[in-house]
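Coordinates in review
Each chain, written out:
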Amino acid sequence: MPEVGDILELEVGPVAHGGFCVARFDGQAVFVRHSLPGETVRASVTEVRPRYLRADAVEVLTASEHRVEAPCEYAHPGGCGGCDWQHARLPYQRELKAAVVHEQLLRLAGLDLDVTVDAVPGSDDGLGWRTRVGFAVRRDGTVGLHKARSHAIQPVDRCLIAHPGVEELGVEARTWPYIRAVEAVASATTSDRLVAATPVSRRQPLHPIALNVPAGFVRDDDKGHMTTLRGPGAVTENAAGRSWRVTGGGFWQIHPAAAQTLVDAVMAQLAPAPGESALDLFCGVGLFAGALAEAVGATGQVVAVEGDRQAVLDAEHNLADLPQVRVSRGRIGTDPTNRWLGGRATVDMVVLDPPRTGAGPALCREIVGLAPRAICYVACDPAALARDTAALAEVGYTLRELRAYDLFPMTSHVECVALFLPV
């Protein structure tokens, strides 16, 4: 049995979910980072498990035609774990992601579909797109990014996939004593910028001098602890013909083209009509609910549900001019779904945008119990999408259309929009 640190010569096989390719050593699976299908590499073992190994390719003996030099100095074995595919040409990255989506749907849902991952505007070279970057902080106040599958921190001077507005904030140029995490946010559509810093302890007093940022640029939250903000308390984003308030480090799509791309896909798949009803689960600050409300009009109804308190407040603010929308805070997956529908037993459409873990069988069954004519599922993880596709199939809804988008160039992540209809 190999040990951590051993060097193995491997013939690399197909891509796997999570930024790896699969090789074999004495019949045992080896998940190899920094490699590409078809290559021969020397790989250093980083993790030993009873059924598989993990390794980093440290020398390429036979290179793929799709291999390039990674543009970032930190994208190497033992360095930053944020980018999985900087060593691959950008069009080939999308082929790898399509292969992963195909494999997950085939293995977990029994569907053999042709999958294409589409590029989106604004990142022709795959760099400079990430409008929200969460930095980790070492005990000495140095900021960086986590290494792959590790809590260890790689100090960085610059993140190449970060939006220029994020880099303008200068987070990497400062030290952050008494802070454990820093989030830098740059609106993709306005000049708004902010930095949110989370202290090591709730009891730690937060002052500009302690944070090493200019006086007057730090504001405590309403409780006086947990998070400080440099700049405005919120940023404004524009998409779907509306403006959206996103407070602090709250959720918003991180690629500049993502919000509009996803709204367009959801609306095209659902084709909402005036007078219809819709349920938007995990609604965030209300992006899909707002687009749906405009489509169903004053005679329609949209119920938007979110678990995060601040996101609900933002959604209420963002949708205040649309009386056909009702925003509710709820524990999705725990609270009964019909609780939010005001006595309605059915709904025409459902938008489901769950976290990376997916919706799960129980929530899928509840949604199907509302007898929607269509379910639009926005998925940030292909494995979760495949599991939920199988769960929906068990209760009578089948996957009829799938779109996939490269909203996270240089990484292994891919966003899918899937339409489910009753059989």
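Heads up: these notes are all about the structure in this document. Remember, it's a predicted structure, so these values are computed and weren't measured experimentally.

Observations regarding the pattern of salt bridges
Counted under the stated rule, the structure contains 17 salt bridges. Residues Glu-276 and Arg-373 are paired through a salt bridge, measuring 2.9 Å at the closest nitrogen-oxygen approach. Here Glu-276, found in the loop between α4 (258-270) and β17 (277-281), pairs with Arg-373, found in the loop between α7 (361-369) and β21 (374-379); they are 97 residues apart in sequence, far enough to count as distant. Taking relative accessible area as the criterion, Glu-276 reaches 13% and is therefore assigned buried. Through salt bridges with shared partners, a single network forms among Glu-47, Arg-49, Arg-54 and Arg-149.

Brief notes about the nonpolar core
Nonpolar side chains in soluble globular proteins generally cluster together in the buried interior. Residues Phe-135, Val-171, Trp-176, Val-182 and Leu-270 are the most contacted members of the largest nonpolar core, which totals 74 residues. Those residues in contact with Phe-135 that sit more than four places away from it in its chain are Val-143, Gly-144, Leu-145, Val-156, Val-171, Glu-172, Ala-181, Val-182 and Ala-184.

Describing the packing of α4 against helix α5 (residues 287-296)
Packing of α4 against α5 leaves a shortest axis separation of 10 Å and a crossing angle of 45°. It follows that α4 is oblique to α5 by the angle criterion. Once α4 is placed against α5, the crossing between them reads as right-handed. Facing α4, whose interface residues are Ala-259, Leu-262, Val-263, Val-266, Met-267 and Leu-270, α5 presents Leu-287, Phe-288, Ala-291, Leu-292 and Ala-295. Of the residues assigned to the contact of α4 with α5, the class counts are 11 nonpolar, no polar and no charged.

Notes on α4
With 13 residues, α4 should cover 18 Å at 1.5 Å per step; its first-to-last C-alpha distance of 18 Å lies within 8% of that length. For α4, the full list of buried residues reads Ala-258, Ala-259, Thr-261, Leu-262, Val-263, Ala-265, Val-266, Gln-269 and Leu-270. Where the residues of α4 are buried, they touch β15 (234-239), α5, β20 (349-352), β21, β22 (397-405) and β23 (415-422). Ala-271 lies just past α4 and shows a positive phi near 45°.

Some thoughts on unusual backbone geometry
One non-glycine residue with positive phi stands out, namely Asp-26, at about 50°. Tracing the backbone shows Asp-26 in the loop between β3 (20-25) and β4 (28-33). Residue Asp-26 is classed as exposed on the basis of its relative accessible area of 75%. Of note in the backbone geometry, Tyr-178 takes a positive phi value of approximately 70° without being a glycine. With respect to the helices and strands, Tyr-178 occurs in the loop between α2 (164-168) and β11 (179-186).

Considering the sheet that holds β4
One open sheet holds the 6 strands; their spatial order is β1-β5-β6-β4-β3-β2, and the pairing between them is mixed. Pairing within the sheet leaves two strands with one partner each, and these edge strands are β1 (7-11) and β2 (15-16). Examined bridge by bridge, β4 and strand β6 (residues 52-62) share 5 bridges and lie parallel to one another. Each residue of the ladder has a partner; that of Val-32, found in β6, is Ala-55.

With respect to α7
Among all positions of α7, only Leu-363, Cys-364, Ile-367 and Val-368 are buried. Within α7, the buried residues cover an arc of 135° as seen down the axis, which keeps them to one side. Where the residues of α7 are buried, they touch β17, β20, β21, α8 (382-394) and β22. After α7 finishes, the residue Ala-371 shows a positive phi value of roughly 55°.

Re the side chain of Arg-33
Within the secondary structure, Arg-33 sits in strand β4. The contact partners of Arg-33, leaving out residues within four places of it in the chain, are Gly-19, Phe-20, Ala-55, Asp-56, Ala-57, Cys-80, Gly-81, Cys-83, Asp-84 and Ala-148.

What to know about the pairing of β20
On any regular strand, side chains alternate: one points to one face of the sheet, the next to the other face. A two-sided burial pattern is seen for β20, the buried positions comprising Met-349 and Val-351 on one face and Val-350 and Leu-352 on the other. Sheet topology places β17 next to β20; 4 bridges connect them, and they run parallel. Residue pairing across strands places Ala-278 opposite Met-349, the latter belonging to β20. Pairing of β20 with β21 involves 4 bridges; the strand directions are parallel. For Val-351, the partnering residue across the bridge sits in β21 and is Cys-376. Regarding topology, α7 serves as the crossover connection from β20 to the parallel β21, and that connection is right-handed.

As for the side chain of Gln-154
Checked against the element boundaries, Gln-154 lands in strand β10 (residues 153-155). What makes Gln-154 buried here is its relative accessible area of 14%.

The rules behind the values
Residues numbered from 1 in each chain as written. Predicted model: local features only at pLDDT ≥ 70, side-chain atom pairs only at ≥ 80, totals over all residues. Heavy atoms only, no water. Salt bridge = Lys/Arg side-chain N within 4 Å of Asp/Glu carboxyl O. Helix = DSSP H or I, 4+ residues; strand = E, 2+ residues; numbered from the N terminus. Buried < 20%, exposed > 50% of the residue type's maximum accessible area, 1.4 Å probe, protein only. Core = buried A, V, L, I, M, F, W, Y, C linked by side-chain atoms within 4.5 Å. Contact = heavy atoms within 4.5 Å. Axes fitted to C-alpha atoms, helices over the stretch in contact; angles between N-to-C directions. Parallel < 35°, antiparallel > 145°, perpendicular 65-115°, else oblique. Left-handed = near helix turned anticlockwise from the far one by under 90°. Nonpolar A, V, L, I, M, F, W, Y, C, P; charged D, E, K, R; others polar. Expected span 1.5 Å × (residues − 1). Pairing = 2+ DSSP bridges. Arc of directions from axis to C-beta. Right-handed = clockwise from strand over helix to strand, strands pointing away.

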